[in-house]
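# Tertiary structure, described
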Amino acid sequence: MKTLSGTLCGLLLLGMAAGAASADLELEGHRLVVSGMLDGSAIKDFESHLAGGQVRTVVFENALGGSAEVAADYARAIREAGVNTEAKGQCQAACAYAFLAGKERRFGRGFQVHALLIPVAGRPRTADLAGRWRGEGAQRTLAEFTTRSSEAPAVDEPIPKDPWQPNQGVLFTSAPTLFGRVSNTFYCDGTQGRDLSRCELLSDADPHKLGVLTP
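First, a word on what this report is: a plain description of the structure on this page. Nothing here was measured: the structure is a model prediction, and the numbers come from that model.

### Describing the overall build of the protein
Along its length, the protein carries 6 helices and 9 strands. Of the roughly 10,600 Å² of accessible surface on the protein, 51% is carried by carbon and sulfur atoms.

### Digging into the packing of aromatic side chains
The tally for this structure, following the rule as stated, stands at 4 aromatic pairs. Pairing Y97 with W164 gives two aromatic rings, centres 6.0 Å apart and planes at 45°, and the pair type is tilted. Here Y97, found in helix 4 (residues 94-99), pairs with W164, found in the loop between helix 6 (137-143) and strand 7 (168-177); they are 67 residues apart in sequence, far enough to count as distant. The burial state of Y97 is the same as that of W164; both residues are buried. The side chain of R132 reaches across the aromatic face of W133, ending 5.9 Å from its centre.

### Section: the pairing of strand 6 (residues 114-119)
Counting buried residues along strand 6, 6 of its 6 residues qualify, which places the element largely inside the surrounding structure. By the alternation rule, side chains of strand 6 split into H114, L116 and I118 and A115, L117 and P119, which are all buried. In this structure, strand 6 lies alongside strand 7, joined through 6 bridges in antiparallel fashion. Paired with P119 across the two strands is G169, which belongs to strand 7.

### Quick word on the nonpolar core
F46, F60, Y97, W133 and V212 are the most contacted members of the largest nonpolar core, which totals 49 residues. Counting residues per element, this core draws most heavily on helix 3 (residues 68-81), at 7 residues. If near-sequence neighbours (up to four positions away) are discounted, F46 is found in contact with L25, L32, V34, V58, Y74, A77 and I78. The next biggest cluster of nonpolar side chains, apart from the first, holds 7 residues, and it includes A115, L171, F186 and L196.

### Quick notes on unusual backbone geometry
Phi is positive for N62, which is not a glycine, with a value near 50°. Residue position: N62 is located in strand 3 (residues 57-63). Here D204, not a glycine, exhibits a phi torsion of approximately 50°, which is positive. Mapped onto the elements, D204 comes out in the segment after strand 9 (200-201). Under the relative-accessibility criterion, D204 is labelled exposed at 61%.

Conventions used here
Residues numbered from 1 in each chain as written. Predicted model: local features only at pLDDT ≥ 70, side-chain atom pairs only at ≥ 80, totals over all residues. Heavy atoms only, no water. Helix = DSSP H or I, 4+ residues; strand = E, 2+ residues; numbered from the N terminus. Areas by Shrake-Rupley, 256 points an atom, 1.4 Å probe, with all protein chains shown as cover. Phe/Tyr/Trp six-rings, centres within 6.5 Å; stacked < 30°, edge-to-face > 60°. Buried < 20%, exposed > 50% of the residue type's maximum accessible area, 1.4 Å probe, protein only. Lys NZ or Arg CZ within 6 Å of the ring centre and 35° of its normal. Pairing = 2+ DSSP bridges. Core = buried A, V, L, I, M, F, W, Y, C linked by side-chain atoms within 4.5 Å. Contact = heavy atoms within 4.5 Å.

As structure tokens, then:
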């Protein structure tokens with residue numbers, strides 16, 4: 001099994017440690033920077049910013065944690081506003097599904113290591129990856145984790161088969177090198193905890209080809 005390099009793993013862990021606080025919003029011109037844990041505490045302010053019409057791009061920077069329900073709230077607001085999304089540093093769990101709702105999606109520029117960890121219920125086959133996060137695909141995948149807590153689900157509403165595991169999913173990374181940026185895709189089964197060096201390298205899973213990032 002091929003794994004993440006020690007250097008990349010160390011940089012990823014530094015990013016994870018930086019995202020422990022609750023969500024923080026900062027408007028920078030037409031860019032709304034969101035950092036910290038997407039725990040739902042800032043969703044109303046987030047929706048207000050997008051409703052104002054000034055925001056063109058939502059930048060998720062070292063945003064980790066959060067539930068599937070919170071991810072759905074952020075994703076819905078982004079889709080309704082029709083804005084772009086950008087991921088800088090770490091974007092994991094709820095952040096990842098919010099990121100996928102962007103009209104155009106990209107990693108940030110510069111010399112920073114970027115990592116997008118998208119929770120999935122189990123190890124996907126390579127053939128299953130294509131289309132999973134294109135268009136409605138991301139919404140359907142996220143719906144596998146959400147359900148109504150106080151009432152029976154609607155007839156056509158998916159029933160979750162597995163609980164939301166923030167550390168289990170497909171990890172897309174982009175790291176700077178002397179020859180340009182290098183992208184890799186891994187599957188993390190959740191047992192690795194914060195030791196991302198134990199994640200399995202996936203072949204033929206370029207984020208642009210899969211629709212995770214747009215051209």
